[in-house]
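Structural features, examined
Here are the chains, one letter per residue:
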Amino acid sequence: MRSRQEALTPVDDRALSLAASLFAHAHQGALAFLSPSNGWPQVSRVAVGRDAEGIPLILISGLSAHFAALSHDPRCCLLLGESGGGDPLAHPRISVDCRAVRIPDVDKPIHRDAFVAWQPKAALYVDFADFAFWRLMPESASLNGGFGKAHALDASTLQGILRTALALASAPPQS
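Conventions adopted
- Residues numbered from 1 in each chain as written.
- Predicted model: local features only at pLDDT ≥ 70, side-chain atom pairs only at ≥ 80, totals over all residues.
- Heavy atoms only, no water.
- Salt bridge = Lys/Arg side-chain N within 4 Å of Asp/Glu carboxyl O.
- Buried < 20%, exposed > 50% of the residue type's maximum accessible area, 1.4 Å probe, protein only.
- Helix = DSSP H or I, 4+ residues; strand = E, 2+ residues; numbered from the N terminus.
- Pairing = 2+ DSSP bridges.
- Axes fitted to C-alpha atoms, helices over the stretch in contact; angles between N-to-C directions.
- Parallel < 35°, antiparallel > 145°, perpendicular 65-115°, else oblique.
- Left-handed = near helix turned anticlockwise from the far one by under 90°.
- Contact = heavy atoms within 4.5 Å.
- Nonpolar A, V, L, I, M, F, W, Y, C, P; charged D, E, K, R; others polar.
- Phe/Tyr/Trp six-rings, centres within 6.5 Å; stacked < 30°, edge-to-face > 60°.
- Lys NZ or Arg CZ within 6 Å of the ring centre and 35° of its normal.

1. Some remarks on the pattern of salt bridges
Per the stated rule, a full pass over the model turns up 6 salt bridges. A salt bridge links Arg75 to Asp73, with the shortest nitrogen-to-oxygen separation between them at 2.7 Å. Residue class for Asp73 comes out buried when judged on its relative accessible area of 16%. Between Arg99 and Glu139 there is a salt bridge whose closest N-O contact spans 3.0 Å. With Arg99 in strand 6 (residues 93–102) and Glu139 in strand 7 (residues 131–144), this residue pair connects regions lying 40 residues apart in the sequence.

2. Things to note about the pairing of strand 6
The pairing of strand 5 (residues 75–80) with strand 6 spans 6 bridges and is antiparallel. Residue pairing across strands places Leu80 opposite Ile94, the latter belonging to strand 6. Pairing of strand 6 with strand 7 involves 10 bridges; the strand directions are antiparallel. Among the inter-strand pairings, Ser95 is bridged to a residue of strand 7, identified as Ser142.

3. Side note on the packing of helix 2 (residues 13–25) against helix 5 (residues 155–170)
For the pair helix 2 and helix 5, interaxial distance at closest approach is 8 Å and the crossing angle is 55°. The angle between helix 2 and helix 5 falls in the class oblique. As for the relative orientation of helix 2 and helix 5, their crossing is right-handed in sense. Note on element contacts: helix 5 touches helix 2 through Thr157, Leu158, Ile161, Leu162, Thr164, Ala165, Leu168 and Ala169, opposite Leu16, Ala19, Ala20, Ser21, Phe23 and Ala24. Each residue belonging to the contact of helix 2 with helix 5 can be placed in one class, and the counts come to 11 nonpolar, 3 polar and no charged.

4. A look at the packing of aromatic side chains
Tallying each qualifying case throughout the model produces 4 aromatic pairs. With 6.1 Å between their ring centres and 65° between their planes, Phe128 and Phe131 make a pair best called edge-to-face. With a relative accessible area of 46%, Phe128 lands in the partly exposed category. You can call Phe131 buried: its relative accessible area is 14%. Cluster of aromatic residues (ring-pair linked, three or more members): Tyr125, Phe128 and Phe131. Positioned above the aromatic ring of Trp118 is the side chain of Arg50, whose terminal nitrogen or guanidinium carbon lies 4.3 Å from the ring centre.

5. Focus: the environment of Val116
Of note, Val116 is situated in helix 4 (residues 108–118). When the C-alpha positions of Val116 and Ser71 are compared, they lie 24 Å apart, and in sequence the two are 45 residues distant. Residues within four places of Val116 in sequence aside, it is in contact with Ala122, Ala123 and Val126.

This is the structure:
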């Protein structure tokens, strides 16, 4: 049996483009975190936006389990990618190891309009006092482009991917 390292494919332009596309088009993701009460992993679906640098943003309630968990331990993992028909494992996805950083309430207005533009339904709750923005700072990622297309991405590679994703997300739709 091959080791994980042996199974990884070198990162090429195609992998970089795929990763940027997954970030650019993500409106939601699965956020994994560790429960502060028992240490067990938990997962929650989150609405995803981005800041001016392309870094993923989430807006979450102080009443949620993931708010308490990220306040206790900022390590988390964000899974992006949509499965279509057929085998869900054949569809591309990226699992991003992140460090969550709560954005101070005083800076909430800086991110409000851009987040609501990306997540229109968030207009219903973005101004609630118990909601806060969190920036998910990518540290590494596992990109899976389908069977036999696994890539490891480091933090510096992810910075470039996020810049490309930001440009893709803000580009006008192509006809």
